[in-house]
Amino acid sequence: MQKRLEKIQQRIGQAAEACGRHPDDVRLVAVSKTMPKEMLTQAVEAGVDTLGENYVQEAREKFNQLYTLPVAWHFIGHLQSNKAKYVVKIFDLIHSVDSLKLAREINKQAKKIDKIQEILVQVNISQEDSKSGTHVENTVDTIRDISNLENVAVKGLMTMPPFFNAPEKVQPFFKALRELRDKVDAENIPNVSMHELSMGMTGDFEVAIQEGATLVRIGTAIFGERN
Ligand SMILES: *Cc1c(COP(=O)(O)O)cnc(C)c1O
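In short, a report on the structure.

Rules used throughout
- Along each chain, the written sequence defines residue order, and numbers are assigned to residues from 1.
- Owing to the predicted nature of the model, reporting of local features is limited to residues with pLDDT of at least 70; listing and counting of side-chain atom pairs is limited to 80 or more, with chain, interface and lining totals taken over all residues.
- For side-chain calculations, the full set of non-hydrogen atoms in the structure is used, while hydrogens and water are omitted.
- Only runs of H or I of at least four residues qualify as helices and only runs of E of at least two qualify as strands under DSSP, and these elements are numbered from the N terminus.
- All radius of gyration figures rest on C-alpha atoms, and the globule criterion is 2.2 Å times the number of residues raised to 0.38.
- Only protein chains enter the area calculation, which uses a 1.4 Å probe; residues under 20% of their type maximum are buried, those over 50% are exposed, and those in between are partly exposed.
- The contact rule is simple, with two residues in contact once any of their heavy atoms fall within 4.5 Å.
- The protein chains shown are the only cover counted for residues, whose accessible areas, like all others here, come from Shrake-Rupley with a 1.4 Å probe.
- Simply put, an axis is a line fit to the C-alpha atoms, just over the touching stretch for a helix, and the angle between two N-to-C directions goes from 0 to 180 degrees.
- What sets the label is the angle itself: under 35 degrees gives roughly parallel, over 145 gives roughly antiparallel, 65 to 115 gives roughly perpendicular, and the rest give oblique.
- Two helices that cross are described as forming a left-handed crossing if the nearer one is turned anticlockwise from the farther one by less than a right angle, and a right-handed crossing if clockwise.
- Nearness is defined per residue: one heavy atom within 4 Å of the molecule or strand is enough.
- Side-chain atoms alone can form a polar contact between residues adjacent in sequence; in general such a contact is a pair of N or O atoms within 3.5 Å, and within protein one must be able to donate a hydrogen while the other accepts it.

Take the overall build of the chain next. When you go through the chain residue by residue, the secondary structure sums to nine helices and eight strands. Its C-alpha atoms give the chain a radius of gyration of 17 Å, near enough to 17 Å, the size a compact globule of 227 residues would have. Referenced to the eigenvectors of the C-alpha coordinate spread, the extents of the chain come out at roughly 45 × 40 × 30 Å. Buried residues in the chain amount to 53% of all 227 residues. Within the chain, counting contacts between residues at least 6 apart in sequence, those at least 24 apart form 60% of the total. When the accessible area of the chain is evaluated, it comes to approximately 10800 Å², of which 45% is carbon and sulfur surface.

Pasting the structure below:
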């Protein structure tokens, strides 16, 4: 684990420097879905400071046992509104908010526990029907609506491109997300930050960094293949 993690940190640093960015501007989210809690503990001991989980029930079980770990928890999976209450209690950042309806429910649950929930808006950048995320052309309006919710703070955008593990094919989608980020940013919407760009996984994080990723979500390269 330690060796794999060092290798990934090194590759992140090199990819950042190769395009004139500071390595500290790219944060590693170690994606621990399906991995047993012992491996999460090991990862944190090896230096991971952010864990990414996809499934609500699995994350609740892990968090109940690991809540004392000095680590940030990020939710990166598809989220249904009726599960928002659990996610708001656990996670520091929700990457996968894809509708105003979901944001409203998160806001309601966050208000109950007096929290400002930080979120990213997930964009369906490849415009495939099978993918979650806001439509590109609705993104500005959706973010404008979300910005009125008092207990939600938008911090940037996230995407899941098609063609996993084919860096040259996904690069245009990463570029498109960055351009959309710049467009939203130029709107200067109150209470909205467009600092974060969550994109890039094991097979393509280097090109994502080249296109401006601030959060890379890496599972397999750290924890090994999932069953
Ligand atoms: C599983 C997953 C990842 C990590 O994928 P790897 O290829 O194992 O690095 C990243 N983001 C999301 C949303 C995922 O579901």
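A few words now on the packing of helix 2 (residues 37-45) against helix 3 (residues 56-66). One way to put it is that helix 2 packs onto helix 3 with a least axis distance of 10 Å and a crossing angle of 55°. Between helix 2 and helix 3, the angle falls in the class oblique. Handedness of the helix 2/helix 3 crossing: right-handed. On helix 3, the residues that touch Lys37, Leu40 and Thr41 of helix 2 are Lys62, Gln65 and Leu66.

This part takes up the site of the ligand. Looking at the ligand, the residues that line it are Val31, Lys33, Asn54, Ile76, Met160, Met201, Thr202, Arg217, Ile218, Gly219, Thr220 and Arg226. The protein chains hide 92% of the 390 Å² of surface that the ligand would expose on its own.

Note that Arg181 resides in helix 7 (residues 167-186). Judged by relative accessible area, which is 14%, Arg181 ranks as buried. A distance of 3.0 Å separates the side chain of Arg181 from the side chain of Asp182, its partner in a polar contact. Ignoring anything within four residues of it in the chain, the contact list for Arg181 reads Leu157, Met194, His195 and Leu197.

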